[in-house]
Amino acid sequence: RDGIAVYSFDSKQYETLSDFGVNPVWSDHGRSVLFNLRDTISSIYVVDVHSKKIRELLPRGAASVGSPCLSPDERTLFYTLTSQEADLWMISLP
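What you are looking at is a predicted structure, and each value in this text was computed from that prediction instead of being measured.

What counts and what doesn't
Residues numbered from 1 in each chain as written. Predicted model: local features only at pLDDT ≥ 70, side-chain atom pairs only at ≥ 80, totals over all residues. Heavy atoms only, no water. Core = buried A, V, L, I, M, F, W, Y, C linked by side-chain atoms within 4.5 Å. Buried < 20%, exposed > 50% of the residue type's maximum accessible area, 1.4 Å probe, protein only. Helix = DSSP H or I, 4+ residues; strand = E, 2+ residues; numbered from the N terminus.

Colleague: Would you explain the nonpolar core in this entry?
Modeller: Soluble globular proteins tend to bury their nonpolar side chains together. If you look at the biggest cluster of nonpolar residues, it comprises 12 residues: Leu-34, Ile-44, Val-46, Leu-57, Leu-58, Ala-63, Val-65, Leu-70, Leu-77, Tyr-79, Leu-81 and Leu-93. At the level of elements, β5 (44-48), β6 (54-58), β7 (64-70) and β8 (76-82) are the ones that each hand at least two residues to this core. With 3 residues, the top contributor of residues to this core is β8. Leu-17, Val-33, Phe-35 and Val-49 belong to the second-largest nonpolar core, a separate cluster that totals 8 residues.

Written as structure tokens, this is what we have:
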């Protein structure tokens, strides 16, 4: 079963951030987590750790996307796109 959770060493409990998703990556500031819908053809999402609000940053496409990374100001998303060959892509966020 897919999903995104964080584990607290203090409370020794898991906190679910999303009931779907794989390949989580912390943002630089630690307030959000980027993740993919699934391992194959997928979307990129971000979840706010405190509010648990989920936003789709990159909709599902015809190729596999992965390795999401936000710029420090959170206005640019970097990711890999694999169709026949792997490339690095960038989009500006509103």
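That was the structure; now back to the text.
Colleague: Which parts of the structure should I look at to understand unusual backbone geometry?
Modeller: Excluding glycine, residues mostly carry a negative phi; peptide bonds, for their part, are mostly trans. Of note, the phi angle at Lys-12 is positive, near 60 degrees, even though the residue is not glycine. Tracing the backbone through its elements, the reader meets Lys-12 in the loop between β1 (4-8) and β2 (13-18). Classification of Lys-12 as exposed rests on a relative accessible area of 59%. Of note in this structure, Glu-74 is not a glycine but carries a positive phi near 60 degrees.

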